[in-house]
Amino acid sequence: MKRVAVFASGSGSNAENIVRYFMDKPNIEVSIILTNNPNAFVLDRAKSLNIPSLVFNRADFSKTDKIVDVLIEKKIDLIVLAGFLLLLPPRLIDAFPNKIVNIHPALLPKFGGKGMYGMNVHNAVVENKEKESGITIHMVNEKFDDGKIVFQAKCVVEESDTAEDVAEKIHKLEYEHFPKIVEQLL
Ligand code: GRF
């Protein structure tokens, strides 16, 4: 059995999509969903999906081994960041070398880095009059949006598209590709 831990800070629609994708695969499971945000909707999703969840605070996350210990205890093979907004502490990256993957809702290296998350990204894409955008799935290191790129997929941005339109296109790409890439990485 391969075990996945998903980190999310908000809605968690990607987290849910990944859980559902692996539900009927006998040898891979999402073992736990973790969040830094006690009000995140991803917690409701975890409950309805019957997946254990864990809320942690920033200090525990970055200054103690609590989270790393949970992940080791659960024998996690791959950590998936799906809309997770905190920078990972070195202790976590060191404990899971090359075993942490993130999805970014743009074509990195464009529109990445600190502050570039959620609608900020799609607003910047529209303001910049980009002709295309997309998703980037990449391994995680100690900087924001900086690790080795594993996969990218593109979509067209029409002149008439609003940031919301772009977000919808990006979510479609994320739902289609992210679970498959996670599966490949396992
Ligand atoms: C996704 O677009 C993801 O790429 C980005 O944050 C968003 C999270 O959406 N990092 P959701 O919480 O999975 O619905």
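Read on for an overview of the structure. (Residues numbered from 1 in each chain as written. Predicted model: local features only at pLDDT ≥ 70, side-chain atom pairs only at ≥ 80, totals over all residues. Heavy atoms only, no water.)

**A closer look at the site of the ligand**
Move 1: For the ligand, the full set of nearby residues is Ser11, Gly12, Ser13, Asn14, Gly83, Ile103, Pro105, His171 and Glu174.
Move 2: Asn14 is positioned such that a nitrogen or oxygen atom in its backbone is 2.8 Å from an oxygen atom of the ligand.
Move 3: Here a nitrogen atom of the ligand sits 3.3 Å away from a polar atom, N or O, in the main chain of Ile103.
Move 4: Alone, the ligand offers 360 Å² of accessible surface; in the complex the protein occludes 86% of this.
Move 5: Put simply, the parts of the chain that give the shell around the ligand at least two residues each are α1 (13-23) and α7 (163-185).
Move 6: Of the residues that constitute the shell around the ligand, the class distribution is 2 nonpolar, 6 polar and 1 charged.
Move 7: Inspection of the shell around the ligand shows a minimum of three residues originating in each of domain 1 (1-97) and domain 2 (103-186). (Near = heavy atom within 4 Å. Polar contact = N/O pair within 3.5 Å; in protein donor to acceptor, adjacent residues only side chain to side chain. Areas by Shrake-Rupley, 256 points an atom, 1.4 Å probe, with all protein chains shown as cover. Helix = DSSP H or I, 4+ residues; strand = E, 2+ residues; numbered from the N terminus. Nonpolar A, V, L, I, M, F, W, Y, C, P; charged D, E, K, R; others polar. Domains from an automatic or database assignment.)

**Quick look at the environment of Val156**
Move 1: Looking at where Val156 falls in the secondary structure, it is placed in strand β7 (residues 149-156).
Move 2: A sequence separation of 25 residues divides Val156 from Ile181, and the C-alpha atoms of the two residues are 22 Å apart.
Move 3: Val156 has contacts with Lys131, Glu132, Asp161 and Lys169, leaving out every residue within four places of it along the chain. (Contact = heavy atoms within 4.5 Å.)

**Things to note about unusual backbone geometry**
Move 1: Cis geometry is adopted by the peptide bond preceding Pro109, which originates at Leu108 and carries an omega value of 10 degrees.
Move 2: Structurally, the position occupied by Pro109 is in the loop between β5 (100-104) and α6 (118-127).
Move 3: Despite not being glycine, Asn98 has its phi angle at roughly 60 degrees, a positive value.
Move 4: Among the structural elements, Asn98 can be located in the loop between α5 (90-95) and β5.
Move 5: Positive phi outside glycine occurs at Lys129, with the angle close to 55 degrees.
Move 6: Inspection of the secondary structure assignment puts Lys129 in the loop between α6 and β6 (132-139).

**What to know about the packing of α6 against α7**
Move 1: Interaxial distance between α6 and α7 falls to 8 Å at its minimum, and their mutual angle equals 115 degrees. Relative to α7, α6 is oriented so that their crossing is right-handed. Together, Met119, His122, Asn123 and Val126 of α6 and Ala163, Glu164, Val166, Ala167 and Ile170 of α7 make up the contact between the two elements.
Move 2: Residues that form the contact of α6 with α7 fall into these classes: 6 nonpolar, 2 polar and 1 charged. (Axes fitted to C-alpha atoms, helices over the stretch in contact; angles between N-to-C directions. Left-handed = near helix turned anticlockwise from the far one by under 90°.)

**Some details on the environment of Pro89**
Move 1: Assignment of secondary structure puts Pro89 in the loop between β4 (78-81) and α5.
Move 2: Here Pro89 falls in the buried class, since its relative accessible area comes to 6%.
Move 3: When the C-alpha atoms of Pro89 and Pro38 are compared, they prove to be 20 Å apart, with 51 residues separating the residues in sequence.
Move 4: What Pro89 contacts, discounting residues up to four positions off in sequence, is Phe61 and Ser62. (Buried < 20%, exposed > 50% of the residue type's maximum accessible area, 1.4 Å probe, protein only.)

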